[in-house]
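Structural overview for review
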Amino acid sequence: SQSRSYQGYRTDCSGFVSMCWELGRSYTTLDFVGGGGESEKLASYESMVPGDALVRRSNGAGHIVMFLGWNDRAHSSACVLEQSSTALDMEFGARTVTSLKGSGYKAIRADKF
């Protein structure tokens, strides 16, 4: 929820990543995708390490997921943790790199890491 919070962080996807990265405030997907939010864009998916994130924004809407690691040796599928719905708890899943890139997800890392 963008209107509710927990310990100063919104209970939505970008609030979850802000809390995991201990940023001290909730940033939005717009902040993260624009190079703000105390994060930096990575050169490629291959440079991702656990704790990085994948963010997308399109037509005024966005989403961000926490990267946990690779699901396979070929690095064709990423394990992610996300807050995808306010009606559900955190969700773990595997997303193919093809689907992530096709949806416009960019790899980012917190500046402090």
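1. Describing helix α1 (residues 13-20)
The buried fraction of α1 is high, at 6 of 8 residues. Within α1, burial applies to C13, S14, G15, F16, V17 and S18. Buried-residue contacts for α1 involve β2 (9-10), α2 (29-33), β4 (53-58), β5 (61-70) and β6 (77-82). Looking at the residues trailing α1, positive phi occurs at E22, about 50°.

2. Focus on the environment of F32
Turning to its location among the elements, F32 is positioned in helix α2. Accessibility expressed as a relative area gives 1% for F32, which makes it buried. Considered as a pair, F32 and V49 are 17 residues apart in the sequence and their alpha carbons are 17 Å apart. Excluding its chain neighbours within four sequence positions, the residues that come into contact with F32 are S14, V17, S18, W21, L23, Y27, G37, S39, V55, I64 and I108.

3. Observations regarding the confidence of the model for the protein
When pLDDT is averaged along the protein, the result is 89, and 91% of the positions lie at 70 or above. Per-residue pLDDT, averaged within each element of the protein, yields its smallest value for strand β1 (residues 5-6) (67) and its largest for helix α3 (residues 97-102) (97).

Parameters at a glance
Residues numbered from 1 in each chain as written. Predicted model: local features only at pLDDT ≥ 70, side-chain atom pairs only at ≥ 80, totals over all residues. Heavy atoms only, no water. Buried < 20%, exposed > 50% of the residue type's maximum accessible area, 1.4 Å probe, protein only. Helix = DSSP H or I, 4+ residues; strand = E, 2+ residues; numbered from the N terminus. Contact = heavy atoms within 4.5 Å. pLDDT = per-residue confidence, 0-100.

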